[in-house]
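Structure assessment
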Amino acid sequence: DALAFVAPASLGAQQTGLQDYSIALDASGAGAGNPGRLLAISMRPYSRQGDTQATNSVLMRDVTTLTFHYFGRRSGEDSASWHDEWIGEWALPQLVEMRVAFLSPQPAAGRPLVVELRLWNGN
């Protein structure tokens, strides 16, 4: 229910260089009578020490589940396929899929967001 990565800043001329991103479900949106959670993103300028201040933003409300899937060839595999986890691999996956489910049905909720990683090594 969380994904962390480093990527070029997406804030235009105000922010350049690398950013440390984290997308995760935040239980603070849930409470009595509301089982939904917030989908939030945290962004901070990349630093090896991790000592820079983060900016947090809510992306979506009333989220019940968040899942990620990874398409690529893991070490020891002959061909690329979809995986539920991508932990401890030296190579990046080719694709990352994110699926979100909401408390109330929403037309676009069934469609995953699939992103091709520009830096995957092609092996």
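Residues numbered from 1 in each chain as written. Predicted model: local features only at pLDDT ≥ 70, side-chain atom pairs only at ≥ 80, totals over all residues. Heavy atoms only, no water.

Moving on, we come to the nonpolar core. L39, V63, L66, F68, Y70, M98 and V100 are the most contacted members of the largest nonpolar core, which has 17 residues in total. Elements represented by at least two residues in this core include exactly β1 (2-8), β2 (18-26), β3 (37-45), β4 (55-72) and β6 (95-102). Once residues within four sequence positions are removed from consideration, L39 is found in contact with I23, A24, L25, S57, V58, L59, M60, V63, L66, M98 and V100. (Core = buried A, V, L, I, M, F, W, Y, C linked by side-chain atoms within 4.5 Å. Buried < 20%, exposed > 50% of the residue type's maximum accessible area, 1.4 Å probe, protein only. Helix = DSSP H or I, 4+ residues; strand = E, 2+ residues; numbered from the N terminus. Contact = heavy atoms within 4.5 Å.)

Roughly 970 Å³ of volume is contained in the largest pocket. Within the residue set of the lining of the largest pocket, elements represented by two or more residues are β1, β4, β6 and β7 (113-116). Per-element accounting of the lining of the largest pocket gives the leading share, seven residues, to β1. Tallied by class, the residues present in the lining of the largest pocket amount to 26 nonpolar, one polar and seven charged. (1 Å grid on protein atoms, 1.4 Å probe; cavity = no way out; pocket = protein on both sides within 12 Å on 5 of 7 lines; lining within 4 Å. Points joined across faces, edges and corners; volume = space filled by probe spheres on them. Nonpolar A, V, L, I, M, F, W, Y, C, P; charged D, E, K, R; others polar.)

Relative to β4, β3 runs antiparallel, the two sharing six bridges. For S42, the partnering residue across the bridge sits in β4 and is N56. Bridge analysis of β4 against β6 gives eight bridges, and the strand direction is antiparallel. When the sheet's bridge partners are listed, V63 is paired in β6 with F102. Sheet analysis places β4 next to strand β5 (residues 81-83), joined by three bridges and oriented antiparallel. Bridging across to β5, Y70 finds its partner in H83. (Pairing = 2+ DSSP bridges.)

Don't take any of this as a statement about function, it's just geometry.
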